Amino acid sequence: MKPASLLAYPAAIACLVLAASAVPRPLESIIESFNLLSQQSPLGKHNPFINIMPPAGEVSTGVIISDVIGKTQTIAIFSGLTRDIDLVSDRLDDAAKNATVLAPDNGVMRNLKRKPWEDQDDYDSFGANAYDGDAGEDRAHKNLRRFVESHIVPESPWAEGQKVKTLAGNEVWYETKDGKKMIQPGDVEVTSIADKVSNGEIWIISGSLA
Ligand SMILES: *[C@@H]1O[C@H](CO)[C@@H](O)[C@H](O)[C@H]1NC(C)=O
């Protein structure tokens, strides 16, 4: 296309610019680091929280979720993805907005039926190359965003039984069964609380909510 004909389509150019700015990191590099992290052998049996977990119930003041989410090895795959979604990374970096992050552990992320950027509907509609090209990349980013957002509860403290919509819009709550917090719907167990900081908490969960 000649420059002159491009100028005849300012709307098309605006769309290209918007599409480009909505893509924070090329899909290829997201997939690459996801796969890299997924291949790493599981960590040893030692407790990786020992150095960073505050004494039970204590809140680290002045520290926010974005400061600590990258430090817990057992959720490295999920926390890596949170940085690729602007809305989520901005929120976790905002001291004035609380959140409870429900972070699936690395084992859950490795064993997902589909990668977080995949959706069976896309394969049904577009076939095996559903994520090729610019349109494919947009689809993948949309799915990835929905996956990550469905694990962010925009409330903290979050009370037992309180139904809340995640950033993706799915409604969740939790109940205590046999002393364990279970996220509902789906009975997904909260295995530990990795961090309590001034704008919320990071809970590690043994399943995925999307
Ligand atoms: C945000 O979280 C902090 C720390 O738990 C809490 O003291 C504060 O009341 C919360 N703010 C809101 C609006 O929920």
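As the structure is a prediction and not an experimental result, all values here were calculated from the model.

Here we come to the nonpolar core. If you look at the biggest cluster of nonpolar residues, it comprises 31 residues, and the most contacted ones within it are Ile65, Val101, Met109 and Ile202. Ranked by residue count, the leading element in this core is helix α9 (residues 133–149), at four residues. Contacts of Ile202, omitting those with residues within four sequence positions, involve Ile65, Val68, Ile69, Ile75, Val101, Ala103, Ser192, Ile193, Ala194 and Asp195. Counting residues in each nonpolar core, the second largest holds 13 residues, with Trp158, Ile183, Ile193 and Leu209 among its members.

With that settled, consider the site of the ligand. Surveying the vicinity of the ligand reveals the residues Asn98, Ser156 and Ser198. Taking Asn98, its side chain carries an N or O atom lying 2.3 Å from an oxygen atom of the ligand. In the model, an oxygen atom of the ligand is placed 3.2 Å from a nitrogen or oxygen of the Ser156 main chain. Contact with the protein chains hides 41% of the accessible area of the ligand, taken as 360 Å² for the molecule alone.

What follows is about the packing of aromatic side chains. This structure, assessed with the given rule, holds six aromatic pairs. Here the aromatic rings of Tyr123 and Tyr131 are separated by 5.4 Å at their centres, their planes lie at 85°, and the arrangement is edge-to-face. The buried category is assigned to Tyr131, whose relative accessible area is 12%. On the basis of an interplanar angle of 75° and a centroid distance of 4.9 Å, the ring pair of Trp158 and Tyr174 is categorised as edge-to-face. In this pair, Trp158 sits in the loop between β2 (152–153) and β3 (164–165) while Tyr174 sits in strand β4 (residues 171–177), placing the two residues 16 residues apart along the sequence. In terms of burial, Trp158 and Tyr174 fall into one category: buried. For the cation-ring pair, Lys163 lies above Trp173, with the distance from its terminal atom to the ring centre recorded as 4.4 Å. For Lys181, the ring lying beneath its charged end belongs to Trp203, and the centroid distance is 4.9 Å.

Right, let's get into the sheet that holds strand β5 (residues 180–184). Think of a sheet as strands paired side by side through backbone hydrogen bonds, with each pair either parallel or antiparallel. Strand order in the open sheet formed by seven strands is β2-β1-β7-β6-β5-β4-β3, and the pairing between neighbours is mixed. Whereas interior strands pair on both sides, the edge strands pair on one side only; in this sheet they are β2 and β3. In this structure, strand β1 (residues 99–104) lies alongside β2, joined through two bridges in antiparallel fashion. Among the inter-strand pairings, Val101 is bridged to a residue of β2, identified as Ile152.

Moving on, we come to the pattern of salt bridges. Taken as a whole, this structure holds five salt bridges when the rule is applied. The residue Arg146 makes a salt bridge to Asp119 at a minimum N-O spacing of 2.9 Å. Here Arg146, found in helix α9, pairs with Asp119, found in the loop between α7 (106–110) and α8 (120–126); they are 27 residues apart in sequence, far enough to count as distant. Overall, the relative accessible area of 40% leaves Arg146 in the partly exposed class. In this structure Asp119 comes out as buried when scored by relative accessible area, which is 16%. Among the salt bridges present, the one from Glu149 reaches Arg145, with a minimum N-O distance of 2.9 Å. Of the two residues, Glu149 and Arg145 are both situated in helix α9; the distance of four residues between them amounts to about one turn of the helix. A relative accessible area of 5% places Glu149 in the buried class. Look at Arg145 and you get partly exposed, because its relative accessible area is 39%.

The rules we used
Residues numbered from 1 in each chain as written. Predicted model: local features only at pLDDT ≥ 70, side-chain atom pairs only at ≥ 80, totals over all residues. Heavy atoms only, no water. Core = buried A, V, L, I, M, F, W, Y, C linked by side-chain atoms within 4.5 Å. Buried < 20%, exposed > 50% of the residue type's maximum accessible area, 1.4 Å probe, protein only. Helix = DSSP H or I, 4+ residues; strand = E, 2+ residues; numbered from the N terminus. Contact = heavy atoms within 4.5 Å. Near = heavy atom within 4 Å. Polar contact = N/O pair within 3.5 Å; in protein donor to acceptor, adjacent residues only side chain to side chain. Areas by Shrake-Rupley, 256 points an atom, 1.4 Å probe, with all protein chains shown as cover. Phe/Tyr/Trp six-rings, centres within 6.5 Å; stacked < 30°, edge-to-face > 60°. Lys NZ or Arg CZ within 6 Å of the ring centre and 35° of its normal. Pairing = 2+ DSSP bridges. Salt bridge = Lys/Arg side-chain N within 4 Å of Asp/Glu carboxyl O.

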